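Each chain, letter by letter, is given below.
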Amino acid sequence: MIIGVGIDVAEIDRFDDALRRTPGLADRLFVERELWLPSGERRGMASLAARFAAKEALAKSLGAPGGLRWTDAEILTEPTGRPRLSVRGTVAVCAQRLGVRGLHVSLSHDAGVASAVVIAEG
């Protein structure tokens, strides 16, 4: 059963500007692992914007409750390249309260826009 669906888009250049303008913003939005590729290189701005969109889409799929911490949701990359959501803390409590047993995420970026869709399954 689908409990919720969320979608979000982020303009990549606008997101980049926000990160440059606001010291520490990346650390408030992402856990350390999200900032780096498995190769050890810094993740590109399009990829970070897509991860931000995924966190927004996740919140929407849970009904957009207040009090969720950005770093309580992490977008991991499986060896196949497939993105996967991992939740803890405030996000895990909210998901559990709603009966969420699984989360599905899809990321994309093209033409200056990053997007994400999250499905919360019960």
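Residues numbered from 1 in each chain as written. Predicted model: local features only at pLDDT ≥ 70, side-chain atom pairs only at ≥ 80, totals over all residues. Heavy atoms only, no water.

- In the annotation of an unreviewed UniProt entry, the chain is listed under the name Holo-[acyl-carrier-protein] synthase and assigned to Streptomyces rhizosphaericus.
- The Cofactor (unreviewed entry) comment attached to the chain in UniProt states, word for word, "Mg(2+)".
- Annotation of the chain in UniProt includes, under Subcellular location (unreviewed entry), the sentence "Cytoplasm". (UniProt positions renumbered as here; feature names shortened; annotations may be inferred.)

So, the overall build of the chain
Okay, step 1: Counting its secondary structure elements, the chain contains four helices and five strands.
Okay, step 2: Seen in sequence order, the chain has helices and strands lined up from the N terminus as β-α-α-α-β-β-α-β-β.
Okay, step 3: Compactness check: the chain gives a C-alpha radius of gyration of 14 Å against a globular reference of 14 Å for 122 residues, within 12% of the reference.
Okay, step 4: Each principal axis of the C-alpha atoms in the chain carries an extent, and together these give about 35 × 30 × 25 Å.
Okay, step 5: Buried residues in the chain amount to 42% of all 122 residues.
Okay, step 6: For the chain, the proportion of contacts with a sequence separation of at least 24, taken over those separated by at least 6, is 56%.
Okay, step 7: Approximately 6900 Å² of the chain is accessible, and the part contributed by carbon and sulfur atoms is 53%.
Okay, step 8: The chain carries 16 positive and 15 negative side-chain charges, and their two centres are separated by 5 Å. (Helix = DSSP H or I, 4+ residues; strand = E, 2+ residues; numbered from the N terminus. Rg over C-alpha atoms; globule rule 2.2 N^0.38 Å. Buried < 20%, exposed > 50% of the residue type's maximum accessible area, 1.4 Å probe, protein only. Contact = heavy atoms within 4.5 Å. Areas by Shrake-Rupley, 256 points an atom, 1.4 Å probe, with all protein chains shown as cover. Lys, Arg positive; Asp, Glu negative; His and termini not counted. Charge placed at Lys NZ, Arg CZ, Asp CG, Glu CD.)

Some remarks on helix α4 (residues 89–98)
Okay, step 1: Burial in α4 covers these residues: Val 91, Cys 94 and Ala 95. The arc enclosing the buried residues of α4, seen along the axis, measures out at 95 degrees, which places them on a common side. Away from its buried face, by an angle of more than 90 degrees, α4 presents the exposed residues Gln 96 and Arg 97.
Okay, step 2: On its buried face, α4 sits against α3 (45–61), β2 (73–77) and β3 (83–87).
Okay, step 3: Looking at the residues trailing α4, positive phi occurs at Gly 99, about 85 degrees. (Arc of directions from axis to C-beta.)

Regarding a nonpolar patch on the surface
Okay, step 1: A surface patch of nonpolar side chains, about 360 Å² in accessible area, is lined by Ile 2, Val 5, Ile 7 and Val 117.
Okay, step 2: Per-element tally for the nonpolar patch: the top contributor is strand β1 (residues 2–11), with three residues.
Okay, step 3: Among the structural elements, Val 117 can be located in strand β5 (residues 113–121). (Patch = residues over 30% accessible without salt bridge, like charges linked within 9 Å, V, L, I, M, F, W, Y side chains within 5 Å. Salt bridge = Lys/Arg side-chain N within 4 Å of Asp/Glu carboxyl O.)

As for unusual backbone geometry
Okay, step 1: Of note, the phi angle at Ala 64 is positive, near 55 degrees, even though the residue is not glycine.
Okay, step 2: Looking at the element boundaries, Ala 64 is found in the loop between α3 and β2.
Okay, step 3: Of note, the phi angle at Ala 111 is positive, near 55 degrees, even though the residue is not glycine.
Okay, step 4: Residue position: Ala 111 is located in the loop between β4 (102–110) and β5.

Looking at the packing of aromatic side chains
Okay, step 1: Throughout the structure, instances matching the rule amount to three aromatic pairs.
Okay, step 2: Ring centres 5.3 Å apart and planes at 35 degrees place the aromatic pair Phe 52 and Trp 70 in the tilted group. Within this pair, whereas Phe 52 is found in helix α3, its partner Trp 70 is found in the loop between α3 and β2, the two being separated by 18 residues in sequence.
Okay, step 3: Given a relative accessible area of 32%, Trp 70 falls into the partly exposed group.
Okay, step 4: The structure contains a cluster of three or more aromatic residues connected by ring pairs, namely Phe 15, Phe 30, Phe 52 and Trp 70. (Phe/Tyr/Trp six-rings, centres within 6.5 Å; stacked < 30°, edge-to-face > 60°.)

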